[in-house]
Amino acid sequence: MPSSSPRARPGFPARLDLAPASRASAAAPIARSAPKPQAPSGLGMDSLAVRAALVRKIEAQGVSHPGVLAAMRAVERHRFVDSALVNQAYEDTSLPIGLGQTISKPGVVARMIELLCQGHEGRLGRVLEIGTGCGYQAAVLSHVAREVYSIERLKGLHEKARENLRWFRLSNVHLLFGDGMLGYARGAPYAGIIAAAGGENIPDAWIDQLAVGGRLVAPAVTGAGRQNLVVVEKTPRGVVRTELEAVLFVPLKSGVA
């Protein structure tokens, strides 16, 4: 299990300063002192009740982890979608966020994070998220992990996530711009790795960066030619892979754009 705090060691700074992340090796925490943006109209204070209703639906789907449900209840999803889609923010559906990408269904986010947390007491240590998107899942992860590194290959989404997350002032979330297929070796080993895009195979770099005792949750194409959720557990005796239900995620791609 990795350490929960960024102790200084070669290649891994004890403190990360806020700076534009121009490549995967430059992680930056979300600024704490940034002014809060204007909240979208139409929801306001009543969003707490709407989130509670959404969490009840997620519970009915079988998600039961108390920490995950509390995180889903706490994070305001309407702050991560375009103003034209605010009225759909608390429906259990994926929504477009630009550049051909989507914000995942809340039920799928909760399911994947519950799988990531399975077998752990309390908060996870350091977690790597592949595919920041608009930043919603990173915000949820910040409630169940001590540290979150989230990497995005599309510059426009990386910048959008930074703006979205400023509202929450999350000191334990670090955003990176880079090729997610390479992971982020400077932060390894990770207690958990979670991906919001699916490819033919799970990259070797992710498994290499996973701590012994850690879990990786990602969509991947299985032998049947379908995209399914896959859980990879790294044990002292080797890697155990489990294929679960069918899902539909955007394709995993290399490089940056």
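In the block above lies the structure referred to throughout.
Computed from a predicted structure; not experimentally measured. (Residues numbered from 1 in each chain as written. Predicted model: local features only at pLDDT ≥ 70, side-chain atom pairs only at ≥ 80, totals over all residues. Heavy atoms only, no water.)

(A) Structural detail: the side chain of Glu 147. Mapped onto the elements of the fold, Glu 147 is located in strand E5 (residues 145-152). A polar contact of 3.2 Å, which involves the side chain of Glu 147, links it to the side chain of His 174. (Helix = DSSP H or I, 4+ residues; strand = E, 2+ residues; numbered from the N terminus. Polar contact = N/O pair within 3.5 Å; in protein donor to acceptor, adjacent residues only side chain to side chain.)

(B) Representation of the environment of Gly 119 within the structure. With respect to the helices and strands, the residue Gly 119 is situated in the loop between helix H3 (106-117) and strand E4 (124-130). Judged by relative accessible area, which is 81%, Gly 119 ranks as exposed. When the C-alpha positions of Gly 119 and Gly 213 are compared, they lie 9.5 Å apart, and in sequence the two are 94 residues distant. (Buried < 20%, exposed > 50% of the residue type's maximum accessible area, 1.4 Å probe, protein only.)

(C) Region of interest: the nonpolar core. Counting residues in hydrophobic clusters, the biggest one holds 49 residues, and the most contacted among them are Met 72, Phe 80, Ile 103, Ile 113, Tyr 136 and Leu 141. Ranked by the residues each element gives to this core, the list is headed by H3, at seven residues. When residues no more than four places from it in sequence are discounted, the contact partners of Tyr 136 are Met 72, Val 75, Arg 77, Phe 80, Ile 103, Pro 106 and Val 109. Membership of the second largest hydrophobic core comes to 22 residues, among which are Tyr 149, Ile 151, Ala 195 and Ala 218. (Core = buried A, V, L, I, M, F, W, Y, C linked by side-chain atoms within 4.5 Å. Contact = heavy atoms within 4.5 Å.)

(D) Inspection of the environment of Ile 202 at higher detail. Here Ile 202 is to be found in the loop between strand E7 (190-195) and helix H6 (204-209). Here Ile 202 is in contact with Ile 207, Leu 216, Ala 220, Val 230, Val 232 and Arg 241, once residues within four sequence places are set aside.

(E) Expanded view of the packing of helix H1 (residues 47-60) against helix H2 (residues 66-74). Interhelical geometry of H1 versus H2 gives an angle of 150 degrees and a closest axis separation of 8 Å. Judged by the inter-axis angle, H1 sits roughly antiparallel to H2. The handedness of the crossing between H1 and H2 comes out as right-handed. Facing H1, whose interface residues are Arg 51, Val 55, Ile 58 and Glu 59, H2 presents Leu 69, Met 72, Arg 73 and Ala 74. Here the contact of H1 with H2 is built from residues that sort into five nonpolar, no polar and three charged. (Axes fitted to C-alpha atoms, helices over the stretch in contact; angles between N-to-C directions. Parallel < 35°, antiparallel > 145°, perpendicular 65-115°, else oblique. Left-handed = near helix turned anticlockwise from the far one by under 90°. Nonpolar A, V, L, I, M, F, W, Y, C, P; charged D, E, K, R; others polar.)

(F) Spatial organisation of the pairing of strand E8 (residues 210-221). Counting buried positions along E8 yields nine of 12 residues, so the element is predominantly enclosed. Of the pairings in the sheet, the one linking E7 to E8 comprises four bridges and is parallel in character. What sits directly across from Gly 192, in E8, is Arg 215. Crossover E7 to E8 through H6 is right-handed. As paired strands, E8 and strand E9 (residues 227-235) are joined by seven bridges and run antiparallel to one another. Looking across to E9, one finds that Val 217 is bridged to Val 231. If you look at the hairpin formed by E8 and E9, you'll find five residues sitting between the two strands, and Gly 225 has a positive phi there, around 85 degrees. (Pairing = 2+ DSSP bridges. Right-handed = clockwise from strand over helix to strand, strands pointing away.)

(G) Geometry of the pattern of salt bridges. Under the counting rule described, the total for this entry stands at eight salt bridges. The salt bridge involving Lys 160 is made with Asp 82; its shortest N-O contact spans 3.8 Å. Linking Lys 160 in helix H5 (residues 155-166) with Asp 82 in the loop between H2 and strand E2 (95-98), this pair joins segments that are 78 residues apart in sequence. On the accessibility criterion, Lys 160 (27% relative accessible area) is partly exposed. Take Asp 82: its relative accessible area is 39%, and that puts it in the partly exposed class. For the salt bridge of Glu 147 with Arg 126, the shortest nitrogen-to-oxygen distance reads 3.2 Å. Of this pair, Glu 147 sits in strand E5 while Arg 126 sits in strand E4; the two residues are 21 residues apart in sequence, bridging distant segments of the chain. Salt bridges here are not isolated pairs; linked through shared partners, they connect Arg 51, Glu 76 and Arg 79. (Salt bridge = Lys/Arg side-chain N within 4 Å of Asp/Glu carboxyl O.)

(H) Structural detail: H3. Relative to the 16 Å expected for 12 residues at 1.5 Å per residue, H3 spans 16 Å between its end C-alpha atoms, a close match to the ideal helical length. Here H3 lies mainly inside the structure; 10 of its 12 residues are buried. Buried within H3 we find Pro 106, Gly 107, Val 109, Ala 110, Met 112, Ile 113, Glu 114, Leu 115, Leu 116 and Cys 117. Two residues or fewer past H3, Gly 119 is found with a positive phi of approximately 90 degrees. (Expected span 1.5 Å × (residues − 1).)

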